[in-house]
Amino acid sequence: MVRYSRPLLPWAIGALVLLLLAPLTVVVTAPFHAPAPEWAHVFRDVLPVHLLETVLLLTGTVLLSVVIGVLSAWLVAAYAFPLRGLMRWMLVLPLAVPTYISAYTYAALLGPTGTISLWVHDRSSFRPDIVDLPGLIVVLAVVLFPYIYLPARAVFASGLREQLEAARMLGAHGSRRFLGVAVPLARPAIVGGAVLVAMETLNDYGAVKYYGIRTLTTAVFRSWTGLSDLGSALRVALILVVLVTLLLWVERRSRIHRRQATDAIPMSRQRLTGARATLASGWCLLVLFFGFVLPGGKLLLDAATPQPAYTWTTDLIALRNTLGVATGAALLTLLIAVLLIFLLRHGQGSWTRGLVRAATLGYAIPGAVIAVGVMTAAGTIDRQAGLSFTLIGTIGLLLYAFTVRFLAVAVQPMQGSLARQHSEVDDAARMLGASPLRTFLHINLPQLRPAILAAAMLVAIDVVKGLPLTLILRPFNFDTLSTRVFEMARIEQLRETARPALFIVLCVLPPLLFLDRQLARSEG
Amino acid sequence: MRPTLLLLPFLVACGSLGTDPDAAAAREVNVYSHRHYDTDAQLFEAFTAATGIRVNLVMADDDEVLTRMEQEGANSPCDLLITSDAGRLGQARMRGLLQPIKSAELESNIPAFLRDPEGHWFGLTMRARVFVYNKNKVRPEQLDDYKDLTRPEWKGRVLVRSSENLYNQSLLAAMVAHYGSEAALAWAEGITANMARTPKGSDTDQLLAVAEGIGDVAIANSYYVGKLMSGTEPEKAKARETLAVAFPRMGPFGTHVNVSGAGVARSAKHLPEAIALLEFLVSEEAQRLFAEGNKEYPVRPGSLAEVLQRFGTLDPDTLDLAQLGLNNATAVKLFDRAGWR
Amino acid sequence: MSHPLLSVFDMHFAHPGGNAVLSGVSFTMPVNEVLVVVGASGSGKTTLLRCIAGLDRAQRGRVMLDGTLLQDGAVFMAPEERPVGMVFQGHALFPHLTVDGNIGFGLHRVPKAERIRRVADEVASVGLSGSGERYPHQLSGGQQQRVAIARSLVLRPRLLLMDEPFSDLDRHTRKQVRTEVLQILRAHGTGAIIVTHDREDAYHMADRIAELDQGHFIRIAPAEAFRKEWAQHPFQA
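Please read all numbers here as calculations on a predicted model, not as lab measurements. (Residues numbered from 1 in each chain as written. Chains lettered and ligands numbered in written order. Predicted model: local features only at pLDDT ≥ 70, side-chain atom pairs only at ≥ 80, totals over all residues.)

Turning our eyes to something else, we now look at the interface of chain A and chain B. Taken together, the contact between chain A and chain B spans 60 residues of the former and 55 residues of the latter. Counting residues per element, the ones that place at least two in the side of chain A that touches chain B are α2 (39-78), α11 (206-210), α12 (216-226), α15 (312-346), α17 (367-385), α21 (468-473), α22 (481-490) and α23 (498-523) of chain A. Looking at which element gives the most residues to the side of chain A that touches chain B, the answer is α17(A), with 9 residues. A class-by-class count of the residues in the side of chain A that touches chain B yields 28 nonpolar, 19 polar and 13 charged. (Contact = placed C-beta atoms within 7 Å. Helix = DSSP H or I, 4+ residues; strand = E, 2+ residues; numbered from the N terminus. Nonpolar A, V, L, I, M, F, W, Y, C, P; charged D, E, K, R; others polar.)

In structure tokens:
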């Protein structure tokens, strides 16, 4: 057994963490030494507008997502109304639609020459046009709000019963219980979800480009591809990293002095009748309609139109590749996340916490920039080791890149679950003669099982929906569903994106529903 | 249902990852391509059928592909680089990623201005940046020159996508090359002032918007126009009836064109195969497929798609295409200064 | 006695698909009375309070408070409408609000100046003057307890329900808080039902004690009667 007297395992894990940090180090240090010939222009003429529109888009999307997510969660958790049982799980479905696909389908329906817009215009002088900044805010929020809905629902449903009942006994009606008690008490959960929404918004490239919105991510690409200045691009990316780090700091602060989930007793739901019941059902149906039925229906319709040149085998192989990469990436990410969690629990000193925090920074960096870091690191290894082949373009490197990018997604739920395990139990195990490793494997790990499963699902969902890493790092003849969608969208054959896009939605649904069920079980 | 059952398809797929029944093929050529067209897949199949050489493909965006080749260095498996921008080919050459090829076949079939003088890269197809107008509202004689659209009478009538788009960048880069940056800036400012709306959507979206009367003339790439006009989708019927194409000139020079082109990678391990594929891509058969399938202008004379013939005659600007790459950054900066989003 | 403060008649409650928790509870309480409910755990003490509060809805039974019908077969008044206060076992203070915020929570419709005055009075009457800006996690268990009580009493409820109110206080504090609570109840003329498993609490506070067993009261009697009996059989709950 490994003990602290011979701390081999912690060192081995430390080395692993360093390996994960290599591409991040490239991304974070390159801005300071790589030549950036166009920086003066980028700083003066690009950054201000791109920063402004980023802030507008971010604020709008996050606020709207919070409103939709929190309100829906409250209705579903606190009231009984027709269709509630159905709506409770169906409201997570929008998360299955990647933002770029939602953006394309909405433009095809409600853009200036969209199907619905034309129909309306034929009957009135009004021409709906969703393809602008406010429109994009709506389009993003209606598919991203479940990031807030899910955790808020969990807290509302089972964490606050006593406080909410106390508020009732003090005469507070529904809206005051919601705004005065439930929302402030669920704030850590809401902020956590809002940070995820913010990250997705910041990382989006397809949707903002199509809607003509100038964000920091488009500034990265404008510098890189337009100005051929990778150095400036990396500097912009660093600003993005700083912004996200700021968001994460806000999130961490929101948890200080907050006891969340004070009790685990399910809340008794108040039955709504008459107009109120109709209003509640109507709201949920409306959200579901815009978040899932409309984009999903449009995809289904387009997928059903005959496409003469279409071959199913291409998409089926892409489907297989997608599922394979998602599984591989989830397993590898989990393995490393578990090792990190071990280090966190049984390692010494604050340096482990610092290392873990640094290693999970990858989620803050746009996929394409991570890809540059990964390629640079791998290229350096190739040359230093004098390899006769290149690591770039291997499945292994692709999975490694996904791990670098999504480690945070896996570590976070496990960290939360671990924090709820009393350290006394560890001490008891140690006093009974168990080594740290044995304690971890036999005491901590079994209790982490639900969190590990949830983490696996989250990573798999992100990999299936994600695009840039696969696009840039894939081996020869290797399509995934998202690269298929991207390629068709790139050459403006939007209708042809429908079938692979539909496959993406179908792939994401099972893990998504699994997550929902897992949460629902704890909600009672 | 046990939740773990949901994972079954994921695990099965993971197990079968990377297995490939045809992996044992004897001769092969590895291609990094920016082109995503179905036509290309057909072309590669035809090539394999004719020569027995298997084509392995990675598709990604230009700059990412170039970065990847740079990092892979001498170990790069890439034999042939295909992009849809002459500027990127010029850059690949400057960064030492390509090698010169001597081929009588290529030199005799590709006009000199569409290939690198030393044979580092060769144009395969042309795409022209054209005007597309509403037949009912606009007379084509108003649309002789790119500069025409900056005149005040076009205020609120011009449709064009964002300057994030490469083809807008190379159009302005060509102007910088011909007229200098001041005149190019004036043009970008003039167009920005005349826009019917803030730039959004794709080239095809601009065409549909002209048909809907949101503006009267759009700047778009010829092959998107060709695809739209030869298509059969019922919702685009109105566009097919109302739209017509004009070929604006750049002063004394012709209509701005960019190319899709290819160059043999410096690291190529399958040199003969790479050259064979390159030569195949300018063969009459391949050029016809480019033209028919993707409505691009072939570099080899003849074999023009019927829909392109209807548009009129393309008289391409013969500017040295390397200039597009050299002036691209300048063009982007001018867009930013002009406020063309 | 003119009319009782509270009358409960034939109250039945069962969890959906579960066993009956209350099966025919009936009693009346005169104005100002402090009634202590004792009984083994699982006997339905908490459920009784929740049904009177309206947090749980008894399937059958009639509840009248001070001449107002709170519930019968046809009528159900929502808990937030009932002039009833409740002190929860875990206090259920709002962690995001200060002491003042917690105590003023139910007074949000009262004009600000008056609200501030009433909150200040209430804070003083439970001996927490000077602690108005502090947050619940900065208070001791006894102080939290007093905030929870003050928060309910500031609304001047006709009836206060308390569920194991002193369970997490140490022996000394417990005695002190108990006396204070009793004084406050008397001063305001508030009736109270207190659920406890602690006999000392029970006979120190109660006017009458009711014993709940298997869902109904098997006995209601003056506290003195129970005290004598308990002295003889000290080990039975």
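What follows deals with the arrangement of the chains. Between all 2 pairs of chains that are in contact, chains A and B come out with the most contacts. There is a gap between chain B and chain C: no contact, and a shortest C-alpha distance of 24 Å.

Residue and element names in this part refer to chain A. As far as domains go, chain A holds domain 1 (32-302) and domain 2 (314-524). The gap between the C-alpha centroids of domain 1 and domain 2 is 23 Å. Contact residues are listed per partner, giving 29 residues for domain 1 and 27 residues for domain 2. At the level of secondary structure, the elements contributing two or more residues to the side of domain 1 that touches domain 2 comprise α4 (99-110), α7 (146-158), α10 (187-203), α12, α13 (230-254) and α14 (274-304). It is α13 that contributes the most residues to the side of domain 1 that touches domain 2, 6 residues altogether. Split by residue class, the side of domain 1 that touches domain 2 holds 22 nonpolar, 6 polar and 1 charged. (Domains from an automatic or database assignment.)

Quick look at the domain arrangement of chain C now. Residues and elements named next belong to chain C. Assigned domains within chain C: domain 1 (1-79 + 160-174 + 191-237) and domain 2 (84-156). Just the C-alpha atoms count here: the centres of domain 1 and domain 2 sit 25 Å apart. With 14 residues of domain 1 at the contact, the number on the domain 2 side is 11 residues. At 4 residues, the largest contribution of residues to the side of domain 1 that touches domain 2 is made by strand β7 (residues 159-163). Classifying every residue of the side of domain 1 that touches domain 2 by side-chain character gives 9 nonpolar, 2 polar and 3 charged.

Here we take up the pairing of strand β1 (residues 28-33) of chain B. Residue and element names in this part refer to chain B. Extensive coverage of β1 is indicated by the burial of 6 of its 6 residues. Because side chains alternate across β1, one face comprises the buried residues Glu-28, Asn-30 and Tyr-32, and the other comprises Val-29, Val-31 and Ser-33, equally buried. The sheet contact formed by β1 and strand β2 (residues 54-59) spans 6 bridges and is parallel. Residue pairing for β2: Asn-30 is matched across the bridge by Asn-56. In this fold, β1 hands off to helix α2 (residues 38-51), which returns the chain to β2; that crossover is right-handed. Direction of pairing for β1 relative to strand β3 (residues 80-83): parallel, over a ladder of 3 bridges. Residue pairing in the sheet places Ser-33 in a bridge with Ile-82 of β3. (Buried ≥ 20, exposed ≤ 12 C-beta atoms within 10 Å, placed from the backbone. Pairing = 2+ DSSP bridges. Right-handed = clockwise from strand over helix to strand, strands pointing away.)

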